[in-house]
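Summary of the model geometry
As a plain string of letters, each chain reads:
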Amino acid sequence: MTDPTSTTTIAPRPYESYVYAYPHKTAYRPLTDRPALSALWAGERKDALSLYLHIPFCEVRCGFCNLFTRIGAPDELTTRYLDALDRQASAVADALHAHPVPGATEASAGPVRFAAAAFGGGTPTFLTAGELERLCDIAEKRMGADLRAVPLSVETSPSTATADRLSVLADRGATRLSIGVQSFVEEEAKAAVRPQRRSDVEAALGRIRDARIPVLNIDLIYGIDGQTPRSWRLSLDAALAWRPEELYLYPLYARPLTPLGRRAHPSEAGWDAQRLALYREGRDHLLAQGYEQVSMRMFRLPGAPREGADDYACQTDGMIGLGCGARSYTSDLHYSFDYAVGMREIRTIIDAYTVTEDFSRAEVGRAVDADEARRRHLLQSLLQAEGMAVADYQERFGSGPFDDFPAELNRFAGLGWLDTDAGPGLLRLSPEGLAHSDALGPALFSPAVRAAMASYELK
């Protein structure tokens, strides 16, 4: 692995890992002190929180998926899971509304407000229409989130995007539906262990449009075995025919303990070259169709409403996660429950969650000190196409990014990953830098987080 502190300009592999949160949950460990949530949130800003409800169920496990989810829900498991989610929501709401500590700021002492909400998974629409009503009730009646007044993003799949479920979500305030299509080519979907018929995908997209939810996002994947530039363009054009407000283009990863991770796959060099070429093909095609690039993965129609949790300022704002696969963020601690990828371990964790009565304490997590906070702010700002305002970083930390991370940033500059036309007040990636986001992100991990992730025992 390339030393992240080296100034060498030898380019690393472009696809090391997708950094969607920092520190990653494989760096979390059991918290021996099991801090009370009321104490964790006592001094925190609570006027712009994001709320995330996690539903760990899917109708099928995709070959590339390492998310915390299980196939099916026998023996009324969804009912028992929602019962536990309700208990957890009550405990968290009590902690958020506990008396603030002496000398608390106005933001931490004032009322709790949610600025965004999201239902993820797994597949939230695995739940029935009635269960989705209950999920919304938990968010509103237990947590106090006004789902009709804030952006509400929900993930779905072609087989679960039924008219009755979509009607519930539209009525309860959903502003964004994200559907994982991955490929409109049936042979490619099968190769990704995501068997589906294109006619079923198109029918689901039609139902989503009929539901008149403001933002449709379509997820596509490149790098699938057998995929060619021609077939990739076919999927892109099939998605564009629906003129989605957002498109996500994901590189395929063959992660440990997933079905694809257990298969032989192309040589790293050949696969990297294929994925990089398909990424550029997709990026250029979407830009030519009038889309704006928001990050390496995300493309948005100009003027489309920003109605998803993707606009949540994860560098500074708090996060409340409910469900056994969700994580929560305070300024000093990120916490969750145990993490696994293997089916047996996931089932065990879900079963334990459903019988838990006391949700008043944080069980598993990782402290975020000043250095980690700087890394997180830089990393999650820099991976956005608009870049990072240097003044915002300086105002928050009292130092500049080049003062704190000279080796890393000089190395990125040497690789041509920084936009030299951005000006002194803006740190922004070049197009080549955005293309290498999955190498740049891991290069900013601290040695401690890197060591914790390396020592994590996969399960």
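The following refers to the structure shown. Keep in mind the model is a prediction, meaning the values are calculated, not measured.

In this fold, Ser399 is placed in the loop between α12 (390-397) and α13 (401-404). For Ser399, the side chain forms a polar contact with the side chain of Asp404, separated by 2.8 Å. Beyond its immediate chain neighbours, meaning those up to four positions away, Ser399 contacts Arg374, Tyr393, Gln394 and Asp404.

The next thing to look at is the pattern of salt bridges. Considering all chains together, one arrives at 26 salt bridges under this definition. In this structure, Glu357 and Arg87 form a salt bridge, with 3.6 Å as the shortest nitrogen-oxygen distance. Remark: Arg87 occurs in helix α2 (residues 77-96) and Glu357 occurs in the loop between α10 (343-354) and β15 (364-367); sequence separation between them is 270 residues. You can call Arg87 partly exposed: its relative accessible area is 23%. Arg176 is the partner of Glu246 in a salt bridge, and the nearest nitrogen-oxygen pair spans 2.8 Å. Of this pair, Glu246 sits in strand β9 (residues 246-251) while Arg176 is found in strand β7 (residues 176-182), placing the two residues 70 residues apart along the sequence. With respect to class, Glu246 is no different from Arg176; both count as buried. Residues joined by salt bridges that share partners form a network here, namely Glu133, Asp137, Glu140, Lys141, Arg148 and Arg172.

A few words on the nonpolar core. Judged by nonpolar contacts, the single largest core of 118 residues is most densely connected at Leu51, Met143, Leu220 and Ile320. The greatest single-element share of this core, amounting to 11 residues, is contributed by α2. The residues contacting Leu51, other than those within four sequence positions of it, are Phe114, Ala116, Ala117, Ala118, Ala139, Met143, Ala145, Ile320 and Leu322. Formed by 9 residues, the second largest nonpolar core is a distinct cluster that contains Ile221, Tyr248, Val294 and Met298.

Bringing the packing of helix α8 (residues 229-240) against helix α9 (residues 268-288) into the picture now. Helix packing geometry: the angle between the two helix axes and the distance between the axes. In contact at an axis separation of 10 Å, α8 and α9 are set at 35 degrees when each is read in the N-to-C sense. For α8 against α9, the interelement crossing comes out right-handed. The segment α8 lies against α9, with Pro229, Trp232, Arg233, Leu236, Asp237 and Leu240 engaging Leu278, Glu281, Gly282, His285 and Leu286.

In this section: the packing of aromatic side chains. In this structure the tally under the stated criterion is 16 aromatic pairs. Ring geometry for Tyr222 against Tyr279: centres 6.4 Å apart, planes inclined by 45 degrees, an arrangement best described as tilted. Highlighted residues: Tyr222 in strand β8 (residues 215-222) and Tyr279 in helix α9, separated in sequence by 57 residues. With respect to class, Tyr222 is no different from Tyr279; both count as buried. Ring centres 5.3 Å apart and planes at 55 degrees place the aromatic pair Tyr353 and Phe359 in the tilted group.

Of all 7 residues making up β7, 7 are buried, and the element is well covered by its neighbours. Judged by which residues are buried, β7 turns out to be covered on both faces: Arg176, Ser178, Gly180 and Gln182 on one side and Leu177, Ile179 and Val181 on the other are all buried. Alignment of strand β6 (residues 152-156) against β7, held across 4 bridges, turns out to be parallel. Bridge pairing links Glu155 to Ser178 in β7. Handedness of the crossover joining β6 and β7 through helix α5 (residues 163-171) is recorded here as right-handed. One ladder, built from 6 bridges, connects β7 with β8; its direction is parallel. Residue pairing in the sheet places Arg176 in a bridge with Val215 of β8.

Glancing now at the pairing of β6. Across the 5 residues of β6, 4 count as buried, placing the element largely inside the fold. In this sheet, β6 lies alongside strand β5 (residues 114-121) in parallel orientation, the contact comprising 3 bridges. By the bridge assignment, Ala117 is partnered in β6 with Leu152. After leaving β5, the chain enters helix α4 (residues 129-142) and then returns to the sheet as β6, a path that is right-handed.

In the contact formed by helix α11 (residues 370-382) and α12, the axes pass within 11 Å of each other and the chain directions differ by 165 degrees. In this view, α11 runs roughly antiparallel relative to α12, as classed from their interaxial angle. For the element pair α11 and α12, the recorded crossing hand is right-handed. Residues Ala373, Arg374, His377 and Leu378 of α11 pack against Tyr393, Arg396 and Phe397 of α12. Class assignment of the residues belonging to the contact of α11 with α12 gives a composition of 4 nonpolar, 1 polar and 2 charged.

Turning our attention to the environment of Lys25. For Lys25, the position within the fold is in the segment before β1 (29-30). Between the C-alpha atom of Lys25 and that of Tyr335, which follows or precedes it by 310 residues, the distance is 8.7 Å. If we ignore the near neighbours within four places in the chain, the residues touching Lys25 are Gly325, Arg327, Ser336, Phe337 and Tyr339. In terms of polar contacts, Lys25 uses its side chain to reach the backbone carbonyl oxygen of Gly325, at 3.2 Å.

Cis rather than trans, the peptide bond between Tyr22 and Pro23 has omega equal to -10 degrees. Within the element layout of this structure, Pro23 appears in the segment before β1. Of the consecutive residues Gly121 and Gly122, the connecting peptide bond is found in the cis state with omega at 15 degrees. Within the fold, Gly122 resides in the loop between β5 and α4. Phi at Gln182 takes a positive value of approximately 75 degrees, unusual for a residue other than glycine. Tracing the backbone shows Gln182 in strand β7. Accessibility expressed as a relative area gives 8% for Gln182, which makes it buried.

Rules used throughout
- Residues numbered from 1 in each chain as written.
- Predicted model: local features only at pLDDT ≥ 70, side-chain atom pairs only at ≥ 80, totals over all residues.
- Heavy atoms only, no water.
- Helix = DSSP H or I, 4+ residues; strand = E, 2+ residues; numbered from the N terminus.
- Polar contact = N/O pair within 3.5 Å; in protein donor to acceptor, adjacent residues only side chain to side chain.
- Contact = heavy atoms within 4.5 Å.
- Salt bridge = Lys/Arg side-chain N within 4 Å of Asp/Glu carboxyl O.
- Buried < 20%, exposed > 50% of the residue type's maximum accessible area, 1.4 Å probe, protein only.
- Core = buried A, V, L, I, M, F, W, Y, C linked by side-chain atoms within 4.5 Å.
- Axes fitted to C-alpha atoms, helices over the stretch in contact; angles between N-to-C directions.
- Left-handed = near helix turned anticlockwise from the far one by under 90°.
- Phe/Tyr/Trp six-rings, centres within 6.5 Å; stacked < 30°, edge-to-face > 60°.
- Pairing = 2+ DSSP bridges.
- Right-handed = clockwise from strand over helix to strand, strands pointing away.
- Parallel < 35°, antiparallel > 145°, perpendicular 65-115°, else oblique.
- Nonpolar A, V, L, I, M, F, W, Y, C, P; charged D, E, K, R; others polar.

Read these as geometric descriptors, not functional statements.
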